Amino acid sequence: MYNQLLIALITYCLLILIQAKVSHNGKLLDVYKCLRLYWERSFSEFVKALYKSPGRTSKGRRRCKVDDIFEQTVRQYIDGETEHLETVTYDLI
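- Going by what an unreviewed UniProt entry lists, the chain is known as Transposase and is assigned to Alicyclobacillus dauci.

This is the structure:
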């Protein structure tokens, strides 16, 4: 058990030293993941991969505008447009 703890601490310290050597301000987990992929390649390839900009342009999961939906539902209720709320069938289209 002590061996595993010591190995984990040594690994953590080495990752921090690598992060400091390449002046990376990101997450330590990013350094670890990149190091796992570029273990057998040159150090310069590792640094290039670490600083490579992400290829995805997605901004992630969007939040639902609950307030707008609530206001729209209240407006429909006030205007008497509630027939669609009383149907028991579910149409996907």
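Alright, that's what it looks like, and here's the rest.
**Here we look at the overall build of the chain**
Alright, step 1. Within the chain one finds four helices and zero strands.
Alright, step 2. Secondary structure of the chain in N-to-C order comes out as α-α-α-α.
Alright, step 3. The globule rule puts the C-alpha radius of gyration for 93 residues at 12 Å, and the 26 Å found for the chain is more than 25% above it.
Alright, step 4. In the chain, buried positions account for 11% of the 93 residues.
Alright, step 5. Of all intrachain contacts in the chain linking residues separated by at least 6 positions in sequence, the fraction that spans at least 24 positions is 22%.
Alright, step 6. Here the chain has roughly 9,400 Å² of accessible surface; of this, 58% comes from carbon and sulfur atoms.

**Side note on the nonpolar core**
Alright, step 1. If you look at the biggest cluster of nonpolar residues, it comprises seven residues: L15, V22, V31, C34, L35, F46 and L50.
Alright, step 2. Tallying contributions element by element places helix α2 (residues 28–37) first for this core, with three residues.
Alright, step 3. Non-local contacts of L15, meaning those with residues more than four positions away in its chain, are made with L28, V31, Y32 and L35.

**Re a nonpolar patch on the surface**
Alright, step 1. A surface patch of nonpolar side chains, about 780 Å² in accessible area, is lined by Y2, L5, L6, L9, I10, L14 and L17.
Alright, step 2. Along the chain, L14 turns up in helix α1 (residues 2–21).
Alright, step 3. For L14, a relative accessible area of 48% translates into the label partly exposed.

**Focus on unusual backbone geometry**
Alright, step 1. Phi is positive for S23, close to 55°, though the residue is something other than glycine.
Alright, step 2. By relative accessible area, which is 51% here, S23 ends up exposed.

**Description of the packing of α1 against α2**
Alright, step 1. Packing of α1 against α2 leaves a shortest axis separation of 10 Å and a crossing angle of 95°. It follows that α1 is roughly perpendicular to α2 by the angle criterion. Seen from α1, the contacting residues are Y12, L15, I16, I18 and Q19; seen from α2, they are L28, V31, Y32 and L35.
Alright, step 2. In terms of residue class, the contact of α1 with α2 is built from eight nonpolar, one polar and no charged.

Calculation rules
- Numbering of residues begins from 1 in every chain and follows the order in which that chain's sequence is written.
- Reporting of local features is limited, given that this is a predicted model, to residues whose pLDDT is at least 70; pairs of side-chain atoms are given and counted only at 80 or more, and all residues count toward the totals for whole chains, interfaces and linings.
- Excluded from the side-chain calculations are hydrogens and water; all other atoms, namely the structure's heavy atoms, are used.
- By definition, any uninterrupted DSSP run of H or I lasting at least four residues is a helix, any uninterrupted run of E lasting at least two residues is a strand, and each is numbered from the N terminus.
- Our radius of gyration is a C-alpha quantity, and the globule rule it is checked against amounts to 2.2 Å times the number of residues to the power 0.38.
- Categorising residues by exposure relies on relative accessible area from a 1.4 Å probe, with only protein chains included: less than 20% of the type maximum marks a residue as buried, more than 50% marks it as exposed, and the intermediate range marks it as partly exposed.
- Contact definition: two residues touch when any of their heavy atoms are within 4.5 Å.
- In these tables, accessible area is a Shrake-Rupley quantity obtained with a 1.4 Å probe, and a residue counts as shielded only by the protein chains included in the view.
- Definition used in this section: a nonpolar core is a set of buried Ala, Val, Leu, Ile, Met, Phe, Trp, Tyr and Cys residues joined via side-chain atoms within 4.5 Å.
- Two distance rules govern patches: like charges are joined within 9 Å, and nonpolar side chains (Val, Leu, Ile, Met, Phe, Trp, Tyr) within 5 Å, applied only to residues with over 30% relative accessible area and no salt bridge.
- Salt bridge, as applied in this entry: a Lys or Arg side-chain nitrogen positioned within 4 Å of an Asp or Glu carboxyl oxygen.
- Angles here are taken between N-to-C directions and fall from 0 to 180 degrees, while the axes themselves are lines fitted to C-alpha atoms, restricted in helices to the stretch in contact.
- These descriptions rest on fixed angle ranges, namely under 35 degrees for roughly parallel, over 145 for roughly antiparallel, 65 to 115 for roughly perpendicular, and the rest for oblique.
- Each residue gets one of three labels, nonpolar for Ala, Val, Leu, Ile, Met, Phe, Trp, Tyr, Cys and Pro, charged for Asp, Glu, Lys and Arg, and polar for the others, Gly among them.

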